[in-house]
Amino acid sequence: RLEISFNQAVRFSSDAAHELKTPLTILQGQLNQALQSAPAGSDQQRTCADLMEEVQRLKSIVRKLLLLAQSDSGQLRLSQECVCLTDEIEALAEDAPLLAPGLTLHTDLAPGVSVMADPDLLRQVVQNLFSNAVKYNHEGGFIECRLRENEGAVTLIIANSRDPDLRMDREKIFDRFYRGDPSRNRKVDGSGLGLSLAREISRAHCGDLTVDNDETREGWIAFKLTLPRV
């Protein structure tokens, strides 16, 4: 009975995500047309732009739910190839002044570190960790990225100073729909699915994503991504 209930829950998440994709795409198209036809600077244009942003957020949630449902059912497809993780992080670091203008980024990356991975999914994991490091930071804060490899594994640690006003329960941090902002007033944008999905993607690659207690210190939090070395 437990197995039947679990499979039903997985199918429900997958079916619901599939059913929502089409109407959201239609709604996005209609809003885009309304946005283009609205007078520049008008209230109508601003309303359409706000609604378009909400539709994009819903589409992102639906996509994450679909990937999580595929992971739960063991059907998450990976198109693996050799990916240079050093290059991926360096590309993010180059965009850091635009993504996080009020933060200081320190990188310590071993050169030429490569892993066998699905490029799109791995990029989603790294971008999610970096995005969280920006969102849950504070003005004038810091982000640290360190990449190392040994005989059997590649380790990426992304640590950041934290906004003291945003409490975080580390026991629940990978729970679905859990967010560090207890009031859920969207002071920090997000759906609470990113870290859960990032961990599932990491495990699908025979790796893992954890809170690194060795690197976490007062006013900081650190995540450790571990993947098999090529």
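Everything numeric in this text was worked out from a predicted model, so none of it was measured.

Participant: I'd love a proper account of the side chain of T86, names of residues and values included.
Facilitator: With respect to the secondary-structure elements, T86 resides in helix α3 (residues 85–99). Excluding anything up to four places from it in sequence, T86 contacts L109, A110, P111, G112, V113 and L147.

Participant: Can you lay out the sheet that holds strand β7 (residues 220–228) for me, pointing to particular residues and giving the numbers?
Facilitator: Here we have five strands laid out as an open sheet, ordered β2-β4-β5-β7-β6, and mixed in their pairing. Two strands in the sheet have a free side with no partner beyond their single neighbour: β2 (104–109) and β6 (208–211). On average, adjacent strands in this sheet sit at an angle of 10 degrees to one another, irrespective of strand direction. Strand direction decides the pairing type here: strand β4 (residues 142–149) and strand β5 (residues 153–161), joined by seven bridges, are antiparallel. Note that in β5 the partner of C145 across the bridge is I158. Against the sheet, helix α4 (residues 119–135) contacts β2, β4, β5, β6 and β7, and its axis sits at roughly 25 degrees relative to β5.

Participant: Can you lay out α3 for me, pointing to particular residues and giving the numbers?
Facilitator: With 15 residues, α3 extends 20 Å from end C-alpha to end C-alpha; this agrees with the ideal 21 Å at 1.5 Å per step. Along its length, α3 shows its largest kink, about 25 degrees, at A93, and proline P97 lies within four residues downstream of that point. Those residues of α3 that fall on the buried side of the exposure criterion are L85, T86, E88, I89, L92 and A96. For α3, the elements touching its buried residues are β1 (81–84), β2, β3 (114–117), α4, β4 and β5.

Participant: Describe the state of the cysteines, listing the residues and the values that go with them.
Facilitator: Between two cysteines, a covalent bond joining their sulfur atoms is known as a disulfide. Scanning the model with the defined rule gives zero disulfides in all. Note on C145: no disulfide assigned, nearest cysteine sulfur contributed by C84 at a separation of 15 Å. Of the residues examined, C145 reaches a relative accessible area of 3% and is grouped as buried.

Participant: How would you explain the nonpolar core if you had to name every residue and give the values?
Facilitator: Judged by nonpolar contacts, the single largest core of 42 residues is most densely connected at I89, L122, L147, L209 and F223. With seven residues, α4 is the single largest residue contributor to this core. Excluding its chain neighbours within four sequence positions, the residues that come into contact with L147 are L85, T86, I89, D108, L109, A110, V113, V154, T155 and L156. Listed in part, the seven residues of the second largest apolar core include A17, L24, L31 and V62.

Participant: A description of the side chain of D212 should follow, citing residues and the corresponding values.
Facilitator: Looking at where D212 falls in the secondary structure, it is placed in the loop between β6 and β7. Among buried charged residues, D212 stands out as having no salt bridge; its nearest opposite-charge side chain is K224, 4.5 Å away. From its side chain, D212 meets the backbone nitrogen of D214 in a polar contact 3.0 Å long. For D212, the contacting residues outside a window of four places in its chain are I157, A222, F223 and K224.

Participant: I'd like a rundown of the environment of W220, residues and numbers included.
Facilitator: Relative to the helices and strands, W220 is located in strand β7. Along the backbone, W220 and G141 are 79 residues apart, and their C-alpha atoms lie at a distance of 9.9 Å.

Participant: Any chance you could break down the packing of helix α2 (residues 43–72) against helix α5 (residues 194–204) for me, citing the residues and the numbers?
Facilitator: Contact geometry of α2 with α5 gives a least axis separation of 10 Å together with a crossing angle of 35 degrees. Here the hand of the crossing between α2 and α5 comes out left-handed. Within the contact between the two elements, α2 uses K64, L67, L68 and S71 and α5 uses G194, S196, L197 and E200. Partitioned by chemical class, the residues of the contact of α2 with α5 number three nonpolar, three polar and two charged.

About the criteria used
- Within each chain, residue numbers correspond to sequence positions counted from 1 in written order.
- Residue-level local features of this predicted model are given only where pLDDT is at least 70; pairs of side-chain atoms are given and counted only at 80 or more, and the full residue set underlies all totals for whole chains, interfaces and linings.
- Only hydrogens and water are set aside when side-chain values are computed; all heavy atoms of the structure are taken into account.
- Helix and strand definitions follow DSSP, with helices as H or I runs of at least four residues and strands as E runs of at least two, each counted in order from the N terminus.
- In what follows, residue pairs with any heavy atoms lying within 4.5 Å of each other are defined as contacts.
- When DSSP finds two or more bridges between two strands, those strands count as paired.
- The axes are straight lines fitted to the C-alpha atoms, using for helices just the contacting stretch, and the angles between their N-to-C directions are given from 0 to 180°.
- In this analysis, the expected span of each helix is defined as 1.5 Å times one less than the number of residues it contains.
- The seven residues ending at a residue and the seven starting there each receive a fitted axis; the angle between those axes is the bend at that residue.
- Residue exposure (1.4 Å probe, protein chains only): buried if accessible area is under 20% of the type maximum, exposed if over 50%, otherwise partly exposed.
- The criterion for a disulfide is a pair of cysteine sulfur atoms lying within 2.5 Å.
- Nonpolar core, defined: a set of buried Ala, Val, Leu, Ile, Met, Phe, Trp, Tyr and Cys residues in which side-chain atoms within 4.5 Å join the residues together.
- Asp and Glu are treated as the negative residues and Lys and Arg as the positive ones, with His and the ends of the chain left uncounted.
- The term salt bridge refers to a side-chain nitrogen of Lys or Arg lying within 4 Å of a carboxyl oxygen of Asp or Glu.
- Each polar contact in these results corresponds to two N or O atoms within 3.5 Å; when the atoms are within protein, one needs to be able to donate a hydrogen and the other to accept it, and residues that are neighboring in sequence are counted only if both atoms are side-chain atoms.
- Should the near helix be turned counterclockwise from the far one by less than a right angle, the crossing is left-handed, whereas a clockwise turn marks it as right-handed.
- Just so you know the grouping, Ala, Val, Leu, Ile, Met, Phe, Trp, Tyr, Cys and Pro go in nonpolar, Asp, Glu, Lys and Arg go in charged, and all remaining residues, Gly too, go in polar.

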